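A structural walkthrough
Spelled out, the chains give:
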Amino acid sequence: MKRVVISGIGAEIPSASISNDDLVATFNGWVERENIGRTERGEPSLPGSTSAFIEHASGIRARRVLYPEGVLDIDRMAPVMPRREDHEVSIQAEFAAASARKALADAGRAAADVDMVICASSHLQRMYPAVGIEIQQVLGTSGSAIDLSLGCSSAAGGLHTAFNLVRSGAQKSVLVCTPELITGHLNFRDRQTHFIFGDASVSLLVEALDDGEEREGCFEVLDTRLWTQFSNNIRSNFGYLARLTQANPSVLDMEGLMITQLGNKVFKEVTHAGHEFIIDFLRDNGQTPEDIRRFWLHQANARMNGMILRLAFGRDVDNDRAPIVLGELGNTAAAGVIVALDLHHRDMQRGDYGLICAFGAGYSIGGALLRRL
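Bear in mind the structure is a predicted one, so any value in this text is a computation, not a measurement.

Considerations on the nonpolar core
Among soluble globular proteins, nonpolar side chains are generally buried collectively. Residues Ile6, Trp296, Ile338, Ile356 and Leu370 are the most contacted members of the largest nonpolar core, which totals 38 residues. Examining the composition of this core, we find that six residues originate from one element, helix 5 (residues 154-168), more than from any other. In this view, isoleucine 6 contacts Leu159, Leu204, Leu205, Cys218, Phe219, Val221 and Leu370; residues no more than four positions away in its chain are not counted. Residues Met304, Ala322, Leu355 and Phe359 belong to the second largest nonpolar core, which totals 22 residues.

Here it is as structure tokens:
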């Protein structure tokens, strides 16, 4: 078996930011308008929201959005994205390529050195041609490309796949891209979810080490693992069959097709599953939580991450040990765990261990044990 390293990390973060105050002002304006009609019809009123509620529930204060226009328009409450013709580069492939180029530069590699691309994202712009193949075309990589989707564990799932392909010798250099344009599939009129997500694109270059080679400053991937268990508590019903359930299949009503979740159940069940996953994964690799210098956890909920680590350590763990980046970025779905890695790894010393662990719909959990070279 080959030794495997993450030789390059890249993150593309949109510059546009929408604060909780801005989001709540638009949401509450829409609620006020909706409640006029509900009162006339004798229906119960919709509750408003507050910035304090959002920050307490999630730890999020703002989110980055690739296309902010339209989000705060009370008559639209959705991003305005430019139409791309079939011969033009798609928005998602373009977003992926931006982070991919940064990962290649970080590794000191050219696109021609890559023999496989995995587009691992919770949401894909289309089913075919695979977005991964388009990224391959945009970058000019060789070999093959595939798409992979596993909710917010997609990047971890892509890393798991890349690690095993490279370790076995099936591939030599795999680029894992996670372009998350999740604001485009978010219902900004749903009080339970409208504040959660932001956009980000991340990429990892996963390579084999030649015999006797040491890539100083890289992370060796020691092991990876995936766990899944079916749950409806986080769900999206959007897909090509959705139009067939409607009276007029030529007009798609998105009501009920966008992201929904049962927040309290997700918090409880994923906290328990995430804690057990970390303990078991580390134990099987001869490690305990105390051996890990840094935890890069899924950036969905600051309280959830704190609880998972409190269960694992038996005490609270500070942000240096387990950095939180969602406060100003929002939950960037599968990209979040790699954003945390990108922003918080340069201070690690040779021999330090780190753990990537992401939790997503499914339920799904993905982990990777790393060691700094």
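From this point, things continue past the structure.
A short note on the pairing of strand 13 (residues 364-372)
Counting buried positions over the nine residues of strand 13 gives eight, a clear majority of the element. Examined bridge by bridge, strand 8 (residues 219-228) and strand 13 share nine bridges and lie antiparallel to one another. In the strand pairing of strand 13, aspartate 223 is matched with leucine 369. Of the strand pairs in this sheet, strand 12 (residues 353-360) and strand 13 are connected by eight bridges, and their pairing is antiparallel. Across the sheet, residue tyrosine 353 finds its bridge partner in strand 13, namely arginine 371. The turn joining strand 12 and strand 13, which pair antiparallel and follow one another in sequence, is formed by three residues; a positive phi near 140° is taken by glycine 362.

So, the sheet that holds strand 7 (residues 200-209)
Whenever strands of a sheet pair, they do so through backbone hydrogen bonds, lying parallel or antiparallel. Within the open sheet, the nine strands sit side by side as 5-4-6-7-1-8-13-12-11. Their pairing is mixed. Looking at which strands have only one partner, the edges of the open sheet turn out to be strand 5 (144-148) and strand 11 (294-297). Across the sheet, the mean angle separating the axes of adjacent strands is 25° when strand polarity is ignored. Two strands pair when backbone bridges link them, and strand 6 (residues 173-180) and strand 7 are joined in this way by eight bridges, in the antiparallel orientation. Each bridged residue has a counterpart across the sheet, and for valine 176 the counterpart in strand 7 is leucine 204. Against the sheet, helix 4 (residues 131-139) contacts strand 4 (116-120), strand 5 and strand 6, and its axis sits at roughly 140° relative to strand 5. Its contacts with the sheet put helix 5 on strand 1 (3-12), strand 4, strand 5, strand 6, strand 7, strand 8, strand 12 and strand 13, and the angle it makes with strand 8 is roughly 120°.

So, the pairing of strand 8
Regular strands place their side chains on alternate faces of the sheet. Of the pairings in the sheet, the one linking strand 1 to strand 8 comprises two bridges and is antiparallel in character. Looking at strand 8, one finds that isoleucine 6 is bridged to phenylalanine 219.

Brief notes about the packing of aromatic side chains
What the rule picks out here adds up to five aromatic pairs. Residues phenylalanine 53 and phenylalanine 195 carry aromatic rings whose centres are separated by 5.9 Å and whose planes lie at 80° to one another, so their mutual orientation is edge-to-face. Highlighted residues: phenylalanine 53 in helix 2 (residues 51-58) and phenylalanine 195 in the loop between strand 6 and strand 7, separated in sequence by 142 residues. Taken together, a centroid distance of 5.8 Å and an interplanar angle of 40° make the contact between phenylalanine 277 and phenylalanine 281 tilted. Taken together, the positions of phenylalanine 277 and phenylalanine 281, both in helix 6 (residues 263-284) and four residues apart, correspond to about one turn of that helix. In this pair, the class of phenylalanine 277 matches that of phenylalanine 281, namely buried. Of note, arginine 191 hangs over the ring of phenylalanine 53, and the distance from its end group to the ring centre comes to 4.4 Å.

Digging into a nonpolar patch on the surface
A surface patch of nonpolar side chains, about 380 Å² in accessible area, is lined by Tyr240, Leu241 and Leu244. Examined against the element boundaries, leucine 241 turns out to sit in the loop between strand 9 (234-235) and strand 10 (260-261).

Overview of the pattern of salt bridges
A complete count under the given rule lists 26 salt bridges for this structure. Across the salt bridge formed by aspartate 347 and arginine 293, the nearest N and O atoms sit 3.8 Å from each other. Note that aspartate 347 is positioned in the loop between helix 9 (336-343) and strand 12 and arginine 293 in the loop between helix 6 and strand 11, a separation of 54 residues in sequence. Classification of arginine 293 as partly exposed rests on a relative accessible area of 25%. One salt bridge connects arginine 294 with aspartate 347, and the closest N-O pair in it is separated by 2.6 Å. With arginine 294 in strand 11 and aspartate 347 in the loop between helix 9 and strand 12, this pair connects stretches of sequence that are 53 residues apart. On the basis of relative accessibility, which here comes to 2%, the residue arginine 294 falls in the buried class. On the basis of relative accessibility, which here comes to 41%, the residue aspartate 347 falls in the partly exposed class. Connected through salt bridges with shared partners, the residues Arg3, Glu214, Glu220 and Arg371 form a single ionic network.

Reading guide: rules and limits
- Residues numbered from 1 in each chain as written.
- Predicted model: local features only at pLDDT ≥ 70, side-chain atom pairs only at ≥ 80, totals over all residues.
- Heavy atoms only, no water.
- Core = buried A, V, L, I, M, F, W, Y, C linked by side-chain atoms within 4.5 Å.
- Buried < 20%, exposed > 50% of the residue type's maximum accessible area, 1.4 Å probe, protein only.
- Helix = DSSP H or I, 4+ residues; strand = E, 2+ residues; numbered from the N terminus.
- Contact = heavy atoms within 4.5 Å.
- Pairing = 2+ DSSP bridges.
- Axes fitted to C-alpha atoms, helices over the stretch in contact; angles between N-to-C directions.
- Phe/Tyr/Trp six-rings, centres within 6.5 Å; stacked < 30°, edge-to-face > 60°.
- Lys NZ or Arg CZ within 6 Å of the ring centre and 35° of its normal.
- Patch = residues over 30% accessible without salt bridge, like charges linked within 9 Å, V, L, I, M, F, W, Y side chains within 5 Å.
- Areas by Shrake-Rupley, 256 points an atom, 1.4 Å probe, with all protein chains shown as cover.
- Salt bridge = Lys/Arg side-chain N within 4 Å of Asp/Glu carboxyl O.

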